[in-house]
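Analysis of the macromolecular model
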Amino acid sequence: MQSMKRVCSMMTLVVAATTSSVVWASSHREAPFITKNPKVDSTDFYMFRSYEPGRDGFVTIIANYLPLQDAYGGPNYFPLDPEAVYDIHLDNNGDAKEDLTFRFQFRNDLARLAVPAGAQMTPVPLHNIGMVSAGNLGALNIRESYTVRVGRGDLKDDRPLLAGFQFWENVSNARTGDRRFAKPSDNVGTKTFGPAPGYDNYAKAHIYDVRIPRCNTNGRLFVGQRREGFAVNLGTIFDLVNAPAGVVAGGVDRASRNLVPSTIADKNITSLALELPISCIKGRSDVIAGWTTAKVKQLRVIGPDPSYEHPTFEAGALTQISRLSMPLVNEVVIGLPDKDAFSAAEPRNDAQFARYVTNPSLPELLEILFGGAGVAAPNLFPRADLVAAFLTGVTGVNANGSTAEMQRLNVALPVTPKGQQNSLGAAQCFVFGVPTPTNPGCDLAGFPNGRRPGDDVVDIELRVAMGFLLSRDLAPSGQLPFTDASLNEDAQFDNAFPYLTTPVPGAQ
Amino acid sequence: VIHQRVVIVLPPMVTLAPVRRRGAVIVLVASALACHRADSSRQSSQSNPPSISTASLPVPPPLPGDDDPAPQPPAPLPENVSLTDRLAREASSRPAGAVRSEALVEALKARGIAVTRTRQVLGKTLDARYCAIAVTAAGLVASVCEFDSEAAARAAVKDSEQRFGKPMPDRRFVTNGKSLLTIANLRDTVESEATTVAATFAALTAT
């Protein structure tokens, strides 16, 4: 009885009561099928004008994969899938089709380190057998590397189309000309990499200045393990929203939005980060739309005699099984029957999912759970406000003419430096849905105009779902300060590329 | 050897997309029909004006006679029942002698206040036996919760204030016997409507 009462007092944590079979983190294990394929499970997608001082001529794009990594997860840790391709797509003309695709492909080489045991050299079972640094990889048994290619044109079905010729060119190291980049080892622990800033220095040695074909300005590239940056109050949610009594309701101020630590703060993820010159990726419009996908081959044969290099045999067409742009869409918007279909769909075909946005279930569930206290869902169908936020972009801010689920960034809007960013993103720029840039706290550089690491998308989306952008007659609870009580803000991140911070070490 | 055999029989490009698309069309059409039927009380703001409806309220069970003793509260539900089951249980065990949301809605209609929709909501939120909300065309929310006793209804005011008062400071509470009315989304432009709702509820008698 008491726990149920606490459940009902948790005005803001209610979302999970509806989604108890999935992990409610931005996009971690959000669809049934992707839970079988963690190496290609995209978790978060960020796209923002770089706020590192002196870099405002660039856009940083980060696609995170491989969720919920426990830092101690050796001896194999968390290499990406060498049989898969990981793509970052950009649409710069508003047709919901990629004009630029950055394709990452990985290779994992085994050094076959061995030690003498009696009369023979016996291969070791470990990830490394000594200290590792950027200049000393001799003790590292597994060495990951990758290539990045850029393709131009429509990538439909991963084949060039007559109407949109597409081809691939290699991104290369601007200093050496190399086309293959080293991916740093995961953060095994402080004995391997030395005490802080040992791993940090090692990882930073893997940030590359890169030459991008057909671009006059170099970009930057980093792929490697990072500390999970997404914050969400997760554990109590799945225990029937069984929150401590002190965690009650109402993100009326920063303190009340920061009552509990993020449940996944001790996890790591793997980031694919690019910093691209705006001049290189912008089309005629100032709005760039982006999303990430991962594809695997259609056929996987598990043979009777696997080796390190070939544990399976994979063949067939590359087929998309993971997709992410706007956070939480496939978690709390798309219904369970269509989650796998959404993971496989392309933005151009998103009309099939429109009903989940125009007639969302989440506000109705919030109303049922907290209606007794006076909470009510918006009384507007179709939800044009959500269509603008998720499918078209907001007119005058980041609309680009298409209706598709993509993250849209207006690169003409100014950068907000770290320390001045509003964790509620651009939400404060609207008064009952009317763009009001003079409103106190307005930060147009934030979500849903792209997404920065410090944008608290859980709080923003809860409020928008309940009608923050609508008038009070249409959205009786639209101005309530919904929060999950776990804060994301800019102070939690670095002020330099790749922004996401040093991963949690496997051992201290 | 096995690998080579597989390669030979593989078509160069296998796509299941057409099958998937046909399935999606079927699902979409079926869903659209189902939604059309199921959501009769929530009207599209673009196609239909708001209308008064109580269709979404469950039909209450027959009430015992006035001179019957009050029914015993139902046995507590286990914590792990689904939301749907819990709502059904609450709808089937409403307390006798409580002012009901349906009565408020009818009375508001008689006074010319348009109620755009109603819905049963979770009573457990306030430890009530049953709750339902009504939303007016102006967006005023009138939540009526039914309790086992007048004391429980009065206690729920304090409880609601304590737990929800911070994010929702501008609500108004009216108790009437075993029932509690919570009016939310108050603002100057609906003040007179709120006053009418409160007075109407206060004047109702339990059925």
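Values in this document were obtained by computation on a predicted structure and should not be read as measured data.

Here's the deal with the environment of Leu336(A)
Residue and element names in this part refer to chain A. Of note, Leu336 is situated in the loop between helix 6 (329-332) and helix 7 (339-344). Residue Leu336 is classed as partly exposed on the basis of its relative accessible area, which comes to 49%. For Leu336 and Phe390, which are 54 residues apart along the polypeptide, the C-alpha to C-alpha distance reads 19 Å.

Structural notes on the packing of helix 4 (residues 101-110) of chain B against helix 6 (residues 191-203) of chain B
Residue and element names in this part refer to chain B. Look at helix 4 against helix 6: their axes get within 10 Å of each other, and the N-to-C directions meet at 125 degrees. Overall, the two elements helix 4 and helix 6 adopt an arrangement that is oblique. Note that helix 4 runs across helix 6; the crossing there is right-handed. Where helix 4 approaches helix 6, its residues Leu104, Ala107 and Leu108 are matched on the opposing element by Val197, Thr200 and Phe201. Taken together, the residues that form the contact of helix 4 with helix 6 break down as five nonpolar, one polar and no charged.

Structural notes on the nonpolar core
Residues Tyr86(A), Leu90(A), Phe102(A), Phe104(A), Tyr146(A), Leu221(A) and Leu272(A) are the most contacted members of the largest nonpolar core, which totals 128 residues. Beyond its immediate stretch of four places on either side in the chain, Tyr86(A) contacts Lys39(A), Val40(A), Tyr65(A), Leu80(A), Asp81(A), Phe102(A), Arg103(A), Phe104(A), Phe106(A), Leu272(A), Thr293(A) and Ala294(A). Judged by nonpolar contacts, the second largest core, of 21 residues, contains Val99(B), Val105(B), Leu140(B) and Leu204(B).

Topic: the state of the cysteines
Counted by the stated rule, this structure contains three disulfides over all chains. Put simply, Cys215(A) and Cys280(A) are joined by a disulfide, and their sulfur atoms are 1.5 Å apart. With Cys215(A) in the loop between strand 11 (208-211) and strand 12 (219-227) and Cys280(A) in helix 5 (residues 278-281), the pair connects residues that are 65 residues apart, well separated along the chain. Both residues of the pair, Cys215(A) and Cys280(A), count as buried. The disulfide partner of Cys131(B) is Cys145(B), and the S-S distance across this bridge is 1.9 Å.

What about the packing of helix 10 (residues 384-392) of chain A against helix 11 (residues 457-465) of chain A?
Residue and element names in this part refer to chain A. Closest axis-to-axis distance for the helix 10/helix 11 pair is 10 Å, and the angle between their directions is 150 degrees. Viewed along their axes, helix 10 and helix 11 adopt a mutual orientation that is roughly antiparallel. When helix 10 is examined against helix 11, the residues Asp385, Leu386, Ala389 and Phe390 are found in contact with a partner set consisting of Glu461, Val464 and Ala465. Split by residue class, the contact of helix 10 with helix 11 holds five nonpolar, no polar and two charged.

Structural notes on the confidence of the model for chain B
Residues and elements named next belong to chain B. Mean pLDDT over chain B: 74, with 61% of residues reaching 70 or higher. Counted against residues more than four places away or in other chains, residues 1-69, with its pLDDT under 50, gives 73 contacts. Here the prediction assigns the complex a pTM of 0.83, and the interface score ipTM is 0.78.

Topic: the sheet that holds strand 12 of chain A
Residues and elements named next belong to chain A. What the six strands build is an open sheet, ordered 1-2-13-12-11-9; its pairing is antiparallel. Strands with a single pairing partner mark the edges of an open sheet, and in this sheet they are strand 1 (42-49) and strand 9 (172-173). In this sheet, strand 13 (residues 267-277) lies alongside strand 12 in antiparallel orientation, the contact comprising eight bridges. Residue pairing for strand 13: Arg227 is matched across the bridge by Asn268.

A short note on empty space enclosed by the protein
Residue and element names in this part refer to chain A. With the rule as written, the count across this model stands at seven cavities of 30 Å³ or more. Considered as a void within the structure, the largest cavity measures approximately 140 Å³ in volume. Considering the residues around the largest cavity, the lining is formed by 15 residues, among which Val332, Val333, Leu362, Glu461 and Ala465 are closest to the centre. With four residues, the top contributor of residues to the lining of the largest cavity is helix 11. Grouping the amino acids of the lining of the largest cavity by side-chain chemistry returns 14 nonpolar, no polar and one charged. Along the wall of the second largest cavity there are 13 residues; nearest its centre are Ala389, Pro448, Ile460, Val464 and Leu469. Those elements that provide at least two residues to the lining of the second largest cavity are helix 10 and helix 11. Considering each element in turn, the lining of the second largest cavity owes the most residues, three residues, to helix 11. Taken together, the residues of the lining of the second largest cavity sort by class into 12 nonpolar, no polar and one charged.

Rules of the game
- Residues numbered from 1 in each chain as written.
- Chains lettered and ligands numbered in written order.
- Predicted model: local features only at pLDDT ≥ 70, side-chain atom pairs only at ≥ 80, totals over all residues.
- Heavy atoms only, no water.
- Helix = DSSP H or I, 4+ residues; strand = E, 2+ residues; numbered from the N terminus.
- Buried < 20%, exposed > 50% of the residue type's maximum accessible area, 1.4 Å probe, protein only.
- Axes fitted to C-alpha atoms, helices over the stretch in contact; angles between N-to-C directions.
- Parallel < 35°, antiparallel > 145°, perpendicular 65-115°, else oblique.
- Left-handed = near helix turned anticlockwise from the far one by under 90°.
- Contact = heavy atoms within 4.5 Å.
- Nonpolar A, V, L, I, M, F, W, Y, C, P; charged D, E, K, R; others polar.
- Core = buried A, V, L, I, M, F, W, Y, C linked by side-chain atoms within 4.5 Å.
- Disulfide = S-S within 2.5 Å.
- pLDDT = per-residue confidence, 0-100.
- Pairing = 2+ DSSP bridges.
- 1 Å grid on protein atoms, 1.4 Å probe; cavity = no way out; pocket = protein on both sides within 12 Å on 5 of 7 lines; lining within 4 Å.
- Points joined across faces, edges and corners; volume = space filled by probe spheres on them.

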